[in-house]
Structures are given as structure tokens and as C-alpha cells.
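Summary of structural features
Listed here are the chains, written in short residue letters.
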Amino acid sequence: MAQAKPTQAIAFLGPRGTFHEQALLTEPDLAGAELRPMSSIADVLEAAHAGDVDLGLAAIENSIEGGVNITVDTLAFDLDLLIQREVILHIELCLVAKPGTALADIRRVVSFPHAIAQCHKYLARELPDVAFDTTSSTAEAAQSLVEHGDSETAAIATARAAEAYELNVLKADIEDHPENRTRFVLVARDGIPPATGHDKTSIVAFQRANRPGSLVNILQEFSARAINLSHLQSRPTKRELGDYCFVIDLIGHIADERVGDCLKNIHAKQADVRFLGSYPAAGEVAADARRDANLAWDQAESWLVGLRGRIG
């Protein structure tokens, strides 16, 4: 895995206390870099592309909400950036308040609208009569308590935000879906990390013709080589109504023979391909499935070489 250097600058969605900052702090080499908060994900990616920072971290997928379209579309259509690694963060939402505030004191809750919605069951059960105000982020909600809050106001925010703004956590893990996770990608202007044996490759496939079976033809290239897909998303190409491309994450590295052969065939026969990167995958290593697929491919290659050796 490519390691970030302490002198490197990394852009992330700010202010302090966001899930983006929390994701960076889970990676020891990233946490030691110069972390620069930005006001939007678009600003994060623009800063990395312009060279104002060495790296940028942006959310790209959530287990409940799906793809983060601003990140997907910027990488697919607008900026030439390469993914260096992925970081997966468990999304834990907390009810936080100023020191000295008790749960029984709360009459008002502030947060990002999606965060309030994702904590509906807890709020309905424990705080059925409170009023709600919205902010542009969970971190801003925590920040607002410090600047304007009172003893009757709480915020839904991250544990990191509570730490950053010296607030008390009244209740942790109040989200309705405890398995909520967000996937972030670290991007740079150039460079493909070397293969680790547990990698992903991300591409965007643009159909050359919108005809029946075109997606099936693309997917068959992966199936024929026993390459597993971990993500498939369609996005409008923004050229005309009904014209879509496919954002694909696959297990493997561009340096792998099977992956390289697959992408070459898709590019030659099925679709234009935009390469978004090959990078270390997060999570547990699926060693057995990868080993079995590689063994089958090696055996097929040996069989073919044996047949070709009999020519003439």
C-alpha cells in the first residue's frame, strides 16, 4: 500500500468533526499528514487535481444511501484523478450536548437532515416532543452548540465532533441502522499503487451503442474470467436522455493478467473505458476465492499453451 508522508497535505470535507476527518484518523499514516478541511467534496477533488494538496479524501458510497453522486460523477466525467486506496468507516451517530446538559433537559435537536432521519426511531422513542433545526453537516451542528447552544439543545453528530468541540455524548449509536457504513476513496493526480493480492480496480464503461444486450456483453467479459464485481452503478452520461454509463468496481489489480486481459477486451470490443485506479481494498482478504479463481485461470492457460505446443 502506498504510504502517505507526514509532510503531505490531504484535503477532506470539513469542518473538524466530520466523518471524512474521522475516516482519515483511522489510517495512521494519513492521520499524521497535514489535514486541510474544505467546504465541499467538489472542493476536495478540485484541490487534489490542481495540485494544491497531494491527496484528497472523498466519500463515494454509503451502505444505506448508495453512491455519492458528486464524487462518482467528478471522477467519471470531470477530473483526471486516480484512486490510491479505500477507507471504510462505520457510521456512528451520537446525541451530544454541552457539559451539564442531561437527556431530560433536551427540547431541541439540531443536525444534518439525513442524520435526523437516520435516527428517527431513537428520537421518537426517547425525545418525542422535541423541535428540530437543520444544519449543513453533523459537524456544523456540533459547532453550533459551542457558538449558540443552550442547556436545552442537543446535536446529532460524530464522536469525533464531540471530542473536537468538547461536548458530552449523551447517547452513542442512536442510528436506526447500526450496520451503516461509508466507503471513502483517497485520490491523487497520478500513480497506481502496486498489487497487494487484495485489491480493487475501478472503471467507467461507456457503451459505444445503446442496444439490447450491451451491458450483458460487458459483464460476460468478467464472468468468463471469474472476476468478481463488488459494485455496479449506472450514471447518466449527461449527453442525452437515456444515455448511461456504468461505474464498476472489480476484485483484482490492473497488473493481474486476468484483469488486464478483461479490460483490454472490453475496451476493444464493447465500450470505451475510463480507468479510475487499482488500489488496496479495505476489509478482510477473500483469500480462498481469489486463490481458486487464479488457480483455474492458470490451469486453463497451461492447457492452452500445451495445445499450442502441438502446432506444426
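That block above? That's the structure.
Residues numbered from 1 in each chain as written. Predicted model: local features only at pLDDT ≥ 70, side-chain atom pairs only at ≥ 80, totals over all residues. Heavy atoms only, no water.

Looking only at helices and strands, one finds eleven helices and 15 strands in the protein chain. C-alpha atoms of the protein chain, sized along the principal axes, occupy 90 × 45 × 40 Å. Each of the 312 residues in the protein chain was classed as buried or not, and the buried ones make up 47%. Within the protein chain, contacts between residues at least 6 apart in sequence are counted, and of these 79% link residues at least 24 apart. Working note: accessible area of the protein chain is about 15300 Å², and carbon and sulfur atoms make up 51% of it. Where the 29 positive side-chain charges of the protein chain centre and where its 44 negative ones centre are 7 Å apart. (Helix = DSSP H or I, 4+ residues; strand = E, 2+ residues; numbered from the N terminus. Buried < 20%, exposed > 50% of the residue type's maximum accessible area, 1.4 Å probe, protein only. Contact = heavy atoms within 4.5 Å. Areas by Shrake-Rupley, 256 points an atom, 1.4 Å probe, with all protein chains shown as cover. Lys, Arg positive; Asp, Glu negative; His and termini not counted. Charge placed at Lys NZ, Arg CZ, Asp CG, Glu CD.)

It is worth spelling out unusual backbone geometry at this point. Across the junction of G14 and P15, the peptide omega takes the value 5 degrees, indicating a cis bond. If you trace the backbone, P15 turns up in the loop between strand 1 (9-13) and helix 1 (19-25). Residues other than glycine seldom take positive phi values, yet E166 does so here, at roughly 55 degrees. Along the chain, E166 turns up in the loop between helix 8 (159-164) and strand 10 (168-171). With a phi close to 70 degrees, K238 is a non-glycine residue in the positive phi region. Here K238 lies in the loop between strand 13 (229-236) and strand 14 (244-251).

The next point concerns the side chain of E221. Within the secondary structure layout, E221 lies in helix 9 (residues 214-224). Its relative accessible area of 8% is what places E221 among the buried residues. Within the structure, the side chain of E221 is placed 3.4 Å from the side chain of K269, a separation counted as a polar contact. Among residues more than four places away in sequence, those in contact with E221 are C262, N265, I266, K269 and Q270. (Polar contact = N/O pair within 3.5 Å; in protein donor to acceptor, adjacent residues only side chain to side chain.)

Spatial ordering of the open sheet is given by 13-14-12-15, a layout of four strands whose pairing is antiparallel. The open sheet has two edge strands with one neighbour each: strand 13 and strand 15 (271-280). For this sheet, the mean inter-axis angle between neighbouring strands, taken without regard to orientation, is 15 degrees. In this sheet, strand 15 lies alongside strand 12 (residues 199-207) in antiparallel orientation, the contact comprising nine bridges. Considered in strand 15, the bridge of A205 is made with V273. Each of strand 12, strand 13, strand 14 and strand 15 touches helix 4 (residues 69-78); the most contacted strand, strand 13, lies at about 80 degrees to it. Contacts from helix 9 reach strand 12, strand 13, strand 14 and strand 15 within the one sheet, and its direction differs from that of strand 14 by about 15 degrees. (Pairing = 2+ DSSP bridges. Axes fitted to C-alpha atoms, helices over the stretch in contact; angles between N-to-C directions.)

Scanning all chains against the criterion turns up one aromatic pair. Here R16 stacks its cationic end above the ring of Y165, 5.2 Å away from the centre of that ring. (Phe/Tyr/Trp six-rings, centres within 6.5 Å; stacked < 30°, edge-to-face > 60°. Lys NZ or Arg CZ within 6 Å of the ring centre and 35° of its normal.)

Within helix 3 (residues 41-50) the residues assigned to the buried category are I41, V44, L45, A47 and A48. The arc enclosing the buried residues of helix 3, seen along the axis, measures out at 155 degrees, which places them on a common side. Those residues of helix 3 that are buried are in contact with strand 1, helix 1, strand 2 (34-38), strand 3 (55-62), helix 4 and strand 11 (181-188). A positive backbone phi angle near 85 degrees is found at G51, which sits one or two residues after helix 3. (Arc of directions from axis to C-beta.)

A separate point is the layout of surface pockets. Roughly 750 Å³ of internal volume is contained in the largest pocket. L13, F19, H20, F112 and H114 are the residues nearest the centre of the largest pocket, which is lined by 32 residues in total. Of all the elements in the fold, those that place two or more residues in the lining of the largest pocket are helix 1, helix 3, strand 3, strand 4 (66-67), helix 5 (113-118), helix 7 (138-148) and strand 11. The class makeup of the residues in the lining of the largest pocket is 15 nonpolar, 15 polar and two charged. (1 Å grid on protein atoms, 1.4 Å probe; cavity = no way out; pocket = protein on both sides within 12 Å on 5 of 7 lines; lining within 4 Å. Points joined across faces, edges and corners; volume = space filled by probe spheres on them. Nonpolar A, V, L, I, M, F, W, Y, C, P; charged D, E, K, R; others polar.)

Pairing within the open sheet is mixed, and its five strands lie in the order 8-7-9-6-10. The two strands at the open ends of the sheet, each matched to only one other strand, are strand 8 (131-134) and strand 10. Going across the sheet, the axis of each strand differs from the next one's by a mean of 35 degrees, ignoring polarity. Relative to strand 9 (residues 153-157), strand 7 (residues 108-111) runs parallel, the two being bridged by three bridges. Directly across from R108, in strand 9, lies its bridge partner T153. In the packing of helix 7 onto the sheet, the strands contacted are strand 6 (94-97), strand 7 and strand 9, and the crossing angle to strand 9 comes to about 155 degrees.

Structurally, T182 is set in strand 11. Note on T182: relative accessible area 9%, which makes it buried. Separated by 2.8 Å, the side chains of T182 and N62 make a polar contact.

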